[in-house]
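Results of the structural survey
Spelled out, the chains give:
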Amino acid sequence: MTTRVGPTTDPRSRVDGLGWVSRAVFPDDRVGLTVGGALPAGHQAVARYAVVPSVARARFLVPLGSSRAGAASLLAYNALRPPKVRALRAVLGGLARFGQVGLAPFPTLTVSVPAGASAAELLLTERLAADLGGAPLLAACGVRPPDPNAKPTLQLFTADGRPRGYAKIGWNDATRALVTAEAAALRALRAVTGVPDHPTPPGLLTETAWAGQVVAVIEPLPPGVRGVPVDDPPRIAALLAVARRGAPAGTPRPLAGSTFLTRLAGLADRAAAAEPAGARAVAAVSALGRRHGETRVEFGHWHGDWVPWNLGWHAGQLVAWDWEHSGPDVPVGFDLAHDAFQRALVLRGESADAAASAVDGHLGRHGDRLGLDAAQRRLVADAYLVEMWLRTWRLADAGAGWNAALHPALLDVIEKRHSG
């Protein structure tokens, strides 16, 4: 093994977003990364990227091997982005059409490998190109601050600028679990093709283990997809189609004795063994069972992160992506609850307490269209909040760190609701 080039030229030595992304995409020490420096001895260059806008403030790695691919990496799916980001990408995409000349003002990151080495062994893009049929691929990558809950994602393009897929990289325990879960969900969703009102999911192109990472390549979205407005009303027919997957409505069953409640109890016990706050989760699950155990509710699947920014519209059909939290056997209505909770917490910046109240309001306004009476709506809201805290713990326990907006505030909210 050769040693990495010095910290002045190799971005993997950095502690910022560029360093984090570089280490995830190029984990092998034999791969050389240089910005403005000489290649390591005996190396040959295999790829170049424009670092936009600078090394210190990097936001994009734009491939320089093809002007069409470089432009496409900045312009594809721009309609899904906020207006300011869309405008910036439009300008950069125009520059990228001129290839390296147009992006010359930006620093160049050069990727190199030892002469005679197998690029497919050392470089993820080469490995994925082989898995996807062998045609050469170029990759672009967004850069954001280091986040143990985030997955570096490569946009893969052919040389003529055609989107080929999105490669999500699971690099720690938390993100490996998320990538694996989404791949499993997309495989299962192949069976729902043609189910009325079910949103169209992207296909899973390939899944692979590479350099200690888990990588799933997801099919590109339709080129003309448009985002769903953030104030869009809930699409009840789609939520029911996700929950039932083409089957008829399930027979309501009591919460007590359900596999759902058993799963929550098991997770809470694991949390209690690993984390002092876990004892509060055990108490919360017990209180949930006492309060709602006799209430009958329909169980089904859920998307797991049903929010406007994971939804789009194309050719008269709803499109949904990011299925990494999808799962079966939850009370029908969880996606509706999650939609309200995340709009309040993320879009409006409200507290966990206010977000929980938003769940109650959303279920009160729309729950009857899911067949939920008042008692069932209360069960769905209370159970969803416990589910969300346990998700927060699972991610933290896997190395992602605590979500400060939800811990310990969400436990406080749950306890207040159960004591009311």
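The present account deals with the structure reproduced in this document.

Rules behind the numbers
Residues numbered from 1 in each chain as written. Predicted model: local features only at pLDDT ≥ 70, side-chain atom pairs only at ≥ 80, totals over all residues. Heavy atoms only, no water. Pairing = 2+ DSSP bridges. Helix = DSSP H or I, 4+ residues; strand = E, 2+ residues; numbered from the N terminus. Axes fitted to C-alpha atoms, helices over the stretch in contact; angles between N-to-C directions. Parallel < 35°, antiparallel > 145°, perpendicular 65-115°, else oblique. Left-handed = near helix turned anticlockwise from the far one by under 90°. Contact = heavy atoms within 4.5 Å. Nonpolar A, V, L, I, M, F, W, Y, C, P; charged D, E, K, R; others polar. Core = buried A, V, L, I, M, F, W, Y, C linked by side-chain atoms within 4.5 Å. Buried < 20%, exposed > 50% of the residue type's maximum accessible area, 1.4 Å probe, protein only. Salt bridge = Lys/Arg side-chain N within 4 Å of Asp/Glu carboxyl O.

Some thoughts on the sheet that holds strand S5 (residues 138-142)
Spatial ordering of the open sheet is given by S1-S4-S2-S3-S5-S6-S7-S9-S8, a layout of 9 strands whose pairing is antiparallel. Each edge of the open sheet is held by one strand with a lone partner, namely strand S1 (32-35) and strand S8 (204-210). With direction set aside, neighbouring strand axes in the sheet form an average angle of 25°. Relative to S5, strand S3 (residues 60-63) runs antiparallel, the two sharing 2 bridges.

Regarding the sheet that holds strand S15 (residues 317-320)
With antiparallel pairing, the 3 strands of this open sheet are ordered in space as S10-S14-S15. Every other strand in the sheet has two partners, leaving strand S10 (226-227) and S15 as the edge strands with one partner each.

Notes on the packing of helix H11 (residues 334-347) against helix H13 (residues 374-400)
Relative to each other, H11 and H13 sit at 70°, their axes nearing to 10 Å. Between H11 and H13, the crossing angle belongs to the class labelled roughly perpendicular. The handedness of the crossing between H11 and H13 is right-handed. Between H11 and H13, the residues in contact are Phe334, Ala337, His338, Phe341 and Gln342 and Val380, Ala383, Tyr384, Leu385, Glu387, Met388 and Arg391, respectively. Grouping the constituent residues of the contact of H11 with H13 by class yields 8 nonpolar, 2 polar and 2 charged.

Notes on the environment of Gly42
Relative to the helices and strands, Gly42 resides in the loop between S1 and strand S2 (43-52). Put simply, Gly42 and Val113 are 71 residues apart on the chain and 8.4 Å apart in space, counted from C-alpha to C-alpha. Beyond its immediate chain neighbours, meaning those up to four positions away, Gly42 contacts Val113, Pro114 and Ala115.

Let's talk about the nonpolar core
For soluble globular proteins, nonpolar side chains are generally found buried alongside one another. In this structure, Phe341, Tyr384, Trp389 and Leu410 are the most contacted members of the largest nonpolar core, which totals 71 residues. No other element matches the 11 residues that H13 contributes to this core. In this structure, Val25, Leu109, Val111 and Ala167 belong to the second largest nonpolar core, which totals 33 residues.

Side note on the environment of Ala281
Along the chain, Ala281 turns up in helix H10 (residues 278-292). Put simply, Ala281 and Ala268 are 13 residues apart on the chain and 5.4 Å apart in space, counted from C-alpha to C-alpha. Residue contacts for Ala281: discarding those within four places in its chain leaves Ala268, Trp389, Leu390 and Leu411.

Section: helix H2 (residues 67-75)
Along H2, the positions that sit buried rather than exposed are Ala69, Gly70, Ala71, Ala72, Ser73 and Leu74. Note on H2: the residue one or two positions beyond its end, Tyr77, has a positive phi of about 60°.

Let's talk about unusual backbone geometry
Here the residue pair Val52 and Pro53 is connected by a cis peptide bond, since its omega of 0° sits within 30 degrees of zero. As for its position among the elements, Pro53 is in the loop between S2 and S3. With omega at 5°, the peptide bond leading from His407 into Pro408 counts as cis. Its place among the elements puts Pro408 in the loop between H13 and helix H14 (409-419). Positioned with a positive phi, Ala211 is a non-glycine residue whose angle comes to about 55°.

Some points on the pairing of S2
Looking at chain direction, S2 and strand S4 (residues 108-114) are connected through 7 bridges and run antiparallel. Bridging from a neighbouring strand, Gln44 pairs with Val113 of S4.

Description of the pattern of salt bridges
Under the criterion given, the structure shown has 22 salt bridges. Among the ionic pairs, Arg244 bridges to Glu298, the shortest N-O distance being 2.9 Å. With Arg244 in helix H8 (residues 236-244) and Glu298 in the loop between strand S12 (296-297) and strand S13 (299-302), the pair connects residues that are 54 residues apart, well separated along the chain. Classification of Arg244 by relative accessible area gives partly exposed; the value is 23%. Three or more residues joined by partner-sharing salt bridges are found here, namely Arg291, Asp360, Asp382 and Arg417.

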